[in-house]
Amino acid sequence: MSRFYITTPIYYINAEPHLGHAYSTMVADAVARAHRLLGDDVFFLTGTDEHGQKVERAAQKAGMPPNRFADVVAAKFRDLLPSLHASNDDFIRTTEPRHHASVQALWRRVRDRGHIYKGEYAGWYCTVDEVFVPETQLVDRRCPICGNAVERIAEESYFFRLSAFQQPLLDHYRRHPDFVTPTVRRNEMMTFLEAGLDDLSISRTSFTWGIPVPDDPAHVMYVWFDALTNYMTAAGFGSDDAASQQRFARYWPADVHLIGKEIVRQHAIYWPAFLLAADLPLPRQIVSHGWWLMDGAKMSKSKGNVARPRDYIERFGLDALRYFVFREMVFGQDANFADEAILTRYNADLANDFGNLVSRATTMIHRACGGRVPAPVASLLGRPDEQRLQEKVARLIAQVRDAVTVFQLSSALRDIWEVIADTNRYIVVREPWKLAKAADRQDELATSLYVAADTLRVIAELLRPFMPATAERTLTMLGVTAEAASWATLAPGTLVAGTHLGDTSPLFPRIEQTVEELRLMSNENSNPPTVPDAVPASPPAPPPAVAAAPAAAATGTITIDDFMKVELRIARVLAAERVPKSKKLLKLQVDTGADQRTIVAGIAEAYEPEALVGRTIVVVANLQPAKLMGVESNGMVLAGSIDGGPPVLVGFDRDMPPGARVR
Ligand code: ME8
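Since the structure is predicted, the reported quantities are computational estimates derived from the model, not experimental observations.

Reading the values: the criteria
Residues numbered from 1 in each chain as written. Predicted model: local features only at pLDDT ≥ 70, side-chain atom pairs only at ≥ 80, totals over all residues. Heavy atoms only, no water. Helix = DSSP H or I, 4+ residues; strand = E, 2+ residues; numbered from the N terminus. Rg over C-alpha atoms; globule rule 2.2 N^0.38 Å. Contact = heavy atoms within 4.5 Å. Areas by Shrake-Rupley, 256 points an atom, 1.4 Å probe, with all protein chains shown as cover. Near = heavy atom within 4 Å. Polar contact = N/O pair within 3.5 Å; in protein donor to acceptor, adjacent residues only side chain to side chain. Nonpolar A, V, L, I, M, F, W, Y, C, P; charged D, E, K, R; others polar. Domains from an automatic or database assignment. Pairing = 2+ DSSP bridges. Salt bridge = Lys/Arg side-chain N within 4 Å of Asp/Glu carboxyl O. Buried < 20%, exposed > 50% of the residue type's maximum accessible area, 1.4 Å probe, protein only. Axes fitted to C-alpha atoms, helices over the stretch in contact; angles between N-to-C directions. Phe/Tyr/Trp six-rings, centres within 6.5 Å; stacked < 30°, edge-to-face > 60°. Lys NZ or Arg CZ within 6 Å of the ring centre and 35° of its normal. Parallel < 35°, antiparallel > 145°, perpendicular 65-115°, else oblique. Core = buried A, V, L, I, M, F, W, Y, C linked by side-chain atoms within 4.5 Å. pLDDT = per-residue confidence, 0-100. Expected span 1.5 Å × (residues − 1). Arc of directions from axis to C-beta.

## What to know about the overall build of the protein
No. 1: Within the protein, the regular secondary structure consists of 23 helices and 26 strands.
No. 2: A compact globule built from 663 residues would reach a C-alpha radius of gyration of about 26 Å, and the protein, at 29 Å, matches this within 12%.
No. 3: For the protein, the C-alpha atoms occupy an extent of roughly 90 × 80 × 40 Å along the three principal directions.
No. 4: The contacts of the protein with a sequence gap of at least 6 include a subset with a gap of at least 24, amounting to 75%.
No. 5: Of the roughly 27800 Å² that the protein leaves accessible, carbon and sulfur atoms contribute 52%.

See below:
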């Protein structure tokens with residue numbers, strides 16, 4: 001049994017997790033699950049990166065000591081894992097004593113081998129990415145990675161002799177062409193390496209929230225030296241007990257560090273250099289994926305344009321979210337996260353193609369074969385349609401196995417859905433519903449339903465890493481209960497005739513609502529955002545609706561022209577009524593000075609409709625119309641609210657006529 005150790009990045013805890021973090025975790029989970037199905041001894045690690053200036057400042061703003069702050073926010077990351085069905089074997093926090101010991105042990109090893117010296121660092125630092133930025137790379141005095149302002153620092157610092165590792169790293173890259181994937185990232189790193197490396201400042205004295213440097217506690221370690229070491233800590237490094245040491249011998253080096261493309265340099269240059277300096281084995285592979293974008297900008301907590309995984313899980317179910325992110329993002333490239341795309345994939349791929357196939361096949365077996373998988377007739381299995389499908393299924397097993405182990409989740413799912421389409425076509429061609437009525441064609445009926453059920457069973461087994469709950473439910477409907485799930489013996493034609501089917505229930509009921517209606521329903525059900533309770537300093541949580549918040553410019557400000565695009569006008573309420581079946585919505589008829597129109601506003605919990613008639617309000621007059629609970633809304637009413645509490649309408653201290661512009 002070979003072992004497979006896979007890690008996600010450990011996430012900063014300055015804000016609550018968003019879909020980008022969830023994506024990395026779900027991808028690592030799918031690959032870990034696939035390796036388990038292949039019989040590997042898997043160790044899957046994720047966790048939180050809790051030290052550094054960014055977190056220290058976030059804690060200060062939240063008015064909490066950093067350790068307490070860390071406990072609160074790290075819990076948000078940990079608590080998300082079960083709702084993603086993450087099958088991680090460990091969750092590491094860099095504030096744990098085991099990590100403290102491990103980082104100090106690594107520091108000593110590197111220092112004792114002569115690769116650390118004391119000097120003075122003077123230069124620029126980006127607190128958002130926690131990186132030193134060379135003057136030549138600044139863009140308008142801003143960080144080239146995230147666009148945030150950098151800070152000038154000048155302080156005594158320990159340096160790591162990174163420059164000494166240029167050649168050893170180049171040699172390693174040449175000896176291991178797959179060390180960094182995809183190739184585009186490898187090439188970037190090779191170019192970076194070939195240009196030569198400066199020594200790296202690896203300690204700070206201007207703040208204290210970090211792991212102290214051994215024998216010089218005025219310094220805390222550079223957060224990346226601390227963070228990267230987590231991968232070894234969890235494998236047992238730095239511990240004196242024999243069990244940990246055995247574990248380290250078994251699981252280190254890691255097979256894959258899965259990361260986003262913005263942190264390749266830290267993983268593919270700094271980390272292997274630290275390990276070379278410490279005389280420890282290097283991870284086998286650094287695999288990086290692209291970014292989820294919202295309206296063309298990277299989804300990120302510093303911009304606040306984030307999607308919350310829980311909103312999507314609530315609306316579509318976890319497996320639909322998992323399917324969407326795996327299918328939609330070609331691994332390594334960026335992809336846009338759009339509600340319309342999820343809804344379309346849900347209804348087309350999941351409800352129509354897959355869900356209907358499962359329910360059609362199992363329902364027919366219940367009706368026509370007394371709920372037991374019928375026995376196929378060998379001669380009929382030899383017909384071209386049956387042969388073709390079974391050959392395709394056999395190929396599919398190999399394709400999926402190969403694709404998933406090299407992170408090509410999108411192509412694996414595409415191949416699975418091709419066979420789903422083939423199976424749907426096969427059923428249409430064989431027309432079992434007609435065969436069921438012909439007493440002399442029962443052999444054909446049995447064979448066609450067997451082939452459909454057998455194919456579905458393989459498909460469900462192959463879906464295990466991607467959509468674990470759906471796979472289980474499908475297998476239960478087919479009557480297959482595996483003691484230990486495994487891909488070892490998976491092959492077409494192995495479903496046992498006579499198997500008793502479980503009850504059929506719809507897997508993905510079609511969603512008839514529009515995207516706007518879905519957003520609104522989650523508005524109605526949503527809880528107030530969580531992290532900001534404890535962390536007022538974090539960027540404002542996005543509205544629970546899925547709408548992408550507009551990407552803020554890199555500076556976080558907008559021009560006056562941007563602002564003037566929003567046409568705010570005074571309007572008078574002419575009539576108001578509740579929207580049927582909605583707790584929150586009122587339908588208002590308003591006079592905007594230029595016209596009379598309907599606007600739907602989420603203020604029903606705070607205002608009685610009758611009390612609004614005649615009242616002056618402020619509306620966004622040039623908003624695209626949207627349907628909310630079936631009512632077309634032509635604008636938006638402005639209101640304030642305290643921490644997501646009841647809305648309070650914007651008003652004036654004297655009477656104002658409808659039509660006047662607000663600016
Ligand atoms: O960088 N699209 O933590 P972090 C896809 N603590 N993935 C995204 C994403 C997006 N828009 N946004 C974030 C750190 N991610 C360090 C890592 S590791 C020793 C230390 C994912 O909270 C992606 O995996 O900023 C990215 O690398 C990671 O979250 C960054 O998380």
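There is more to say, and it comes next.
## Some words on the site of the ligand
No. 1: Among the 25 residues in the neighbourhood of the ligand, the closest are listed as S24, D49, E262, W292 and M299.
No. 2: In this structure, an oxygen atom belonging to the ligand sits 3.4 Å away from a side-chain N or O atom of H21.
No. 3: H289 has a polar side-chain atom sitting 3.4 Å from an oxygen atom of the ligand.
No. 4: Top contributing element to the shell around the ligand by residue count: strand β1 (residues 3–12), with four residues.
No. 5: Of the residues in the shell around the ligand, the class split is twelve nonpolar, nine polar and four charged.

## Thoughts on the domain arrangement of the protein
No. 1: When the domains of the protein are assigned, the result is domain 1 (3–307), domain 2 (350–552) and domain 3 (566–662).
No. 2: A straight line from the C-alpha centre of domain 1 to that of domain 2 covers 38 Å.

## What to know about the pairing of strand β6 (residues 151–160)
No. 1: Sheet topology places strand β4 (residues 116–126) next to β6; ten bridges connect them, and they run antiparallel. Bridge pairing in β6 places Y125 opposite E151.
No. 2: One ladder, built from two bridges, connects β6 with strand β8 (residues 200–201); its direction is antiparallel. Bridge pairing in β8 links F159 to S201.

## Looking at the pattern of salt bridges
No. 1: By the definition in use, this model includes 44 salt bridges.
No. 2: Between E151 and R57 there is a salt bridge, and its shortest N-O distance comes to 2.6 Å. Taken together, the positions of E151 in strand β6 and R57 in helix α2 (residues 53–62) put the pair 94 residues apart, joining distant regions of the chain.
No. 3: In this structure, the salt-bridge partner of E444 is R441, at a minimum N-O distance of 2.9 Å.
No. 4: Of the residues examined, E444 reaches a relative accessible area of 19% and is grouped as buried.
No. 5: Through salt bridges that share partners, R383, D385, E386, R388, R430, R441 and E444 make up one connected network.

## Structural notes on the sheet that holds β6
No. 1: Strand order in this open sheet of four strands is β5-β4-β6-β8, and the pairing throughout is antiparallel. Edge positions in the sheet fall to β5 (131–133) and β8, since each of these pairs with one other strand and no more.
No. 2: Set on the sheet, helix α10 (residues 264–278) makes contact with β5, β6 and β8; between it and β6 the angle comes to about 35 degrees.

## Looking at the packing of aromatic side chains
No. 1: Considering all chains together, one arrives at 30 aromatic pairs under this definition.
No. 2: A centroid spacing of 4.9 Å and a plane angle of 85 degrees characterise the contact between Y312 and F337, whose relative ring orientation is edge-to-face. One end of the pair, Y312, is in helix α11 (residues 309–316); the other, F337, is in the loop between β16 (335–336) and α13 (339–369), and 25 residues separate them in sequence. The pair Y312 / F337 is uniform in exposure class, with both members buried.
No. 3: Counting every residue linked through ring pairs, the aromatic cluster contains Y5, F43, Y231, F237, F248, Y251, W252 and W271.
No. 4: Here K261 stacks its cationic end above the ring of W291, 4.4 Å away from the centre of that ring.
No. 5: Over the face of the ring belonging to Y312 we find R315, whose NZ or CZ atom lies 5.4 Å from the ring centre.

## Quick look at helix α12 (residues 318–328)
No. 1: α12 sits mainly inside the fold: ten of its eleven residues count as buried.
No. 2: L318, D319, A320, L321, R322, Y323, F324, V325, F326 and R327 are the residues of α12 that are buried.

## Side note on the packing of α12 against helix α16 (residues 409–430)
No. 1: Closest axis-to-axis distance for the α12/α16 pair is 7 Å, and the angle between their directions is 110 degrees. The angle between α12 and α16 falls in the class roughly perpendicular. For the pair formed by α12 and α16, the contact residues are Y323, F326 and R327 on the first element and L409, S410, L413, R414 and W417 on the second.
No. 2: Residue composition of the contact of α12 with α16, grouped by class: five nonpolar, one polar and two charged.

## Focus on the sheet that holds β1
No. 1: Read across the sheet, six strands follow the order β3-β2-β1-β12-β13-β7 without closing on themselves; strand pairing throughout is parallel. Pairing within the sheet leaves two strands with one partner each, and these edge strands are β3 (90–93) and β7 (180–181).
No. 2: Bridge analysis of strand β12 (residues 256–260) against strand β13 (residues 285–289) gives five bridges, and the strand direction is parallel. Residue pairing for β13: L258 is matched across the bridge by V287.

## Points about the environment of A446
No. 1: Tracing the backbone through its elements, the reader meets A446 in helix α18 (residues 442–463).
No. 2: Here the alpha-carbon distance between A446 and P217, two residues 229 residues apart in the chain, equals 76 Å.
No. 3: With residues near it in sequence (within four places) discarded, A446 still touches P374 and A375.

## Overview of the side chain of R383
No. 1: Within the secondary structure, R383 sits in the loop between α14 (378–381) and α15 (384–405).
No. 2: Those residues in contact with R383, other than ones at most four positions away along the chain, are R430 and E444.

## Looking at the nonpolar core
No. 1: Formed by 98 residues in total, the largest nonpolar core has its most connected members in W292, V325, F337, F354, I416, W417 and F466.
No. 2: Per element, the largest residue contribution to this core is twelve residues, and it comes from α18.
No. 3: Here this core spans two domains, and each of domain 1 (3–307) and domain 2 (350–552) adds at least three residues to it.
No. 4: Apart from the residues within four sequence positions on either side, F466 is in contact with R322, F326, V400, V404, L409, A412, L413 and I416.
No. 5: Counting residues in each nonpolar core, the second largest holds 72 residues, with F132, Y222, I263 and F274 among its members.

## Topic: the confidence of the model for the protein
No. 1: Across the protein, pLDDT averages 91, with 94% of residues at or above 70.
No. 2: Per-residue pLDDT stays below 50 along residues 527–555; that stretch engages in 58 contacts with residues further than four places along the chain or on separate chains.

## Here's the deal with α15
No. 1: Compared with the 32 Å implied by 1.5 Å per residue over 22 residues, the 32 Å span of α15 between its first and last C-alpha is a close match.
No. 2: Listing the buried residues of α15 in full gives E386, L389, Q390, V393, L396, I397, V400, A403 and V404. Projection of α15 onto a plane perpendicular to its axis shows the buried side chains occupying an angular sector of 155 degrees, all on one side. α15 presents P384 and R388 as exposed residues on the side facing more than 90 degrees away from its buried surface.
No. 3: The elements touched by buried residues of α15 are α1 (19–37), α14, α16 and α18.
No. 4: Backbone geometry just after α15 places F407 at a positive phi near 70 degrees.

## Considerations on the packing of α12 against α13
Working note: a packed helix pair is described by the angle between its axes plus the distance between those axes.
No. 1: At a closest axis distance of 10 Å, the pairing of α12 and α13 adopts a crossing angle of 105 degrees. In terms of orientation, α12 lies roughly perpendicular with respect to α13. On α13, the residues that touch A320, Y323, F324, R327 and E328 of α12 are A341, I342, R345, Y346, D349 and L350.
No. 2: When grouped by side-chain class, the residues that make up the contact of α12 with α13 number seven nonpolar, no polar and four charged.

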